[in-house]
Amino acid sequence: MLTIQPAKRIQGETQVPGDKSISHRAVMFGALAEGTTHISGFLQGADCLSTIDCFSRMGVVIAREGDRVTVHGKGWFGLQEPDQKLDVGNSGTTIRLMSGILATQPFHCVVEGDESIAKRPMRRVVGPLREMGAKIDGRKNGEFTPLSIRGGDLKGITYTSPVASAQIKSAILLAGLQAEGTTTVEEPSVSRDHTERMLRAFGVQVTQSGKSVSVQGGQKLIGREISVPGDISSAAFLIAAVMMLPESELLIKNVGINPTRTGIIDVVRAMGGTIELRNERVVNEEPVADIYVAHTKLHGTVIEGDLIPRLIDEIPVIAVMATQAVGETIIRDAAELKVKETDRIATVASQLGKFGAKVQPTDDGMIITGECDLHGADINSMGDHRIGMAMAIAGLASQGETIVRQAEAIDVSFPGFATLLASICQR
């Protein structure tokens, strides 16, 4: 349980934990690489630790000291058949990307996760991997975990994804790296491209053209140094807090600003907020900057279309921020929210409503009416880390105490969240 007291303002300078997406990939690619990979800034959250555990069970030696991780690569076909099921915990990234890797391996394994993972759709990855030649089964014909995977002897395909999803794209591309011929993924809009960028950093040739990405089979990865920047999805909670509390300003240092992830910056600017990128640079193919944000009275906006994949994880806290904006904020084209750790459309509406906010859920998003006086509430994260943090931010701008139940879920992506929040809040 997390107890949140109202705050007067946010002030100072801080850093957020390492990027979750990049941390996952650094361990996976390091395990498949030839040679040693040294990772700094690794996110010590539950999801990323699940990735380490799974690859350790396949014979990869991984040493961890705080946020520094050393992965002793086994080469693509050095993985060993695990002697028990691989448990991904709550990590959708782990199970979907690892499925693409396991589809290339000449052995059998079973992959499962927690109750949340057991409800999340897997056929969106299983289908194309089967088309490439992998033998995969699971509950309801592979729609749900546990998944039984026997890989090897894959052929490249051209796959048109029905949704823009970095997890789908990455799973297929990773399988394609050991498939015969060329593998291409085409998306309706460009999803996160951390996989493409990091594969290049590990020495892989990746071809991009518009909304399609291709790889040739038979490529190998070479171990290297990886520095993980702060996660912009975590920074989003602090950005929203600054925008909600008058006289606030904050500098968040060393944050990844991958253009497929910066939708939150675009939304703040569209709503009239003050946000600046300082000290921009490129590290391991990823753009990085310090983010300065100062309180500004916001106005409502429309969030839709190609912008959605660039901020899908930030929508819960954007909804919270929108409760303090002038006018209505409309979010649409975001039906993908229904298949996250919770149905985030329904969960945001129900939990934020407890604060007195006016949130109308729709089939593919929500409508938030702004300039709302929030009051402290007793809410439940429903085991969803982003819901827990978003409601904690709502609590900062509310009258009275807020209690967040199942707050332990926050450690999935932002260990130390409450301590960091307390360090920058003035009460």
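Each value, and the rule that gives it
- Residues numbered from 1 in each chain as written.
- Predicted model: local features only at pLDDT ≥ 70, side-chain atom pairs only at ≥ 80, totals over all residues.
- Heavy atoms only, no water.
- UniProt positions renumbered as here; feature names shortened; annotations may be inferred.
- 1 Å grid on protein atoms, 1.4 Å probe; cavity = no way out; pocket = protein on both sides within 12 Å on 5 of 7 lines; lining within 4 Å.
- Helix = DSSP H or I, 4+ residues; strand = E, 2+ residues; numbered from the N terminus.
- Buried < 20%, exposed > 50% of the residue type's maximum accessible area, 1.4 Å probe, protein only.
- Contact = heavy atoms within 4.5 Å.
- Phe/Tyr/Trp six-rings, centres within 6.5 Å; stacked < 30°, edge-to-face > 60°.
- Pairing = 2+ DSSP bridges.
- Axes fitted to C-alpha atoms, helices over the stretch in contact; angles between N-to-C directions.

Per an unreviewed UniProt entry, the chain goes by 3-phosphoshikimate 1-carboxyvinyltransferase and derives from Brevibacillus laterosporus LMG 15441. Recorded in UniProt for the chain, the comment headed Pathway (unreviewed entry) runs: "Metabolic intermediate biosynthesis; chorismate biosynthesis; chorismate from D-erythrose 4-phosphate and phosphoenolpyruvate: step 6/7." Quoted verbatim from the Sequence similarities (unreviewed entry) field of the UniProt record, the comment on the chain reads "Belongs to the EPSP synthase family."

A. How the structure looks around the UniProt feature "binding site: phosphoenolpyruvate" (unreviewed entry) in the chain. The UniProt record marks K20, G92, R120, Q167, R344 and R386 with the feature "binding site: phosphoenolpyruvate" (unreviewed entry), using the residue numbering of this structure. Annotated residues from the preceding list that form part of the lining of the largest pocket: these are K20, G92, R120, Q167, R344 and R386. Its location among the elements puts R120 in the loop between β7 (108-112) and α4 (123-132). On the accessibility criterion, R120 (6% relative accessible area) is buried. Ignoring sequence-local partners within four residues, the contact set of R120 consists of N90, G92, R96, E143, F144, V339, K340 and E341. The residue R344 is located in helix α11 (residues 344-353) in this model. Using a relative accessible area of 1% as the deciding quantity, one classes R344 as buried. Setting aside its immediate chain neighbours within four residues, R344 contacts D313, P316, L337, K338, M366, D384, H385, R386 and I387.

B. Molecular detail of the packing of aromatic side chains. This model, assessed by the stated rule, comprises three aromatic pairs. Where F29 meets F202, the ring centres are 6.0 Å apart and the plane angle is 85°; that geometry is what we call edge-to-face. Taken together, the positions of F29 in helix α1 (residues 20-32) and F202 in the loop between α7 (194-201) and β14 (206-209) put the pair 173 residues apart, joining distant regions of the chain. A relative accessible area of 0% means that F29 is categorised as buried. F202 sits in the buried class, given a relative accessible area of 1%. When the centroid spacing of 6.5 Å and the interplanar angle of 75° are considered together, the rings of F237 and F417 count as edge-to-face. Highlighted residues: F237 in helix α8 (residues 232-244) and F417 in helix α13 (residues 417-424), separated in sequence by 180 residues. Pair check on accessibility: F237 and F417 agree, each one buried. Three or more aromatic residues link up through ring pairs in this structure, and these residues are F237, F414 and F417.

C. Spotlight on the sheet that holds β14. Across the sheet, which stays open at both edges, the four strands sit in the order β11-β13-β15-β14 with mixed pairing between neighbours. Only two strands of the sheet have a single neighbouring strand rather than two, namely β11 (158-160) and β14. The sheet shows a mean angle of 15° between the axes of neighbouring strands, taken without regard to direction. Sheet topology note: the β14/strand β15 (residues 212-216) ladder contains four bridges and is antiparallel. Bridge pairing in β15 places Q208 opposite V213.

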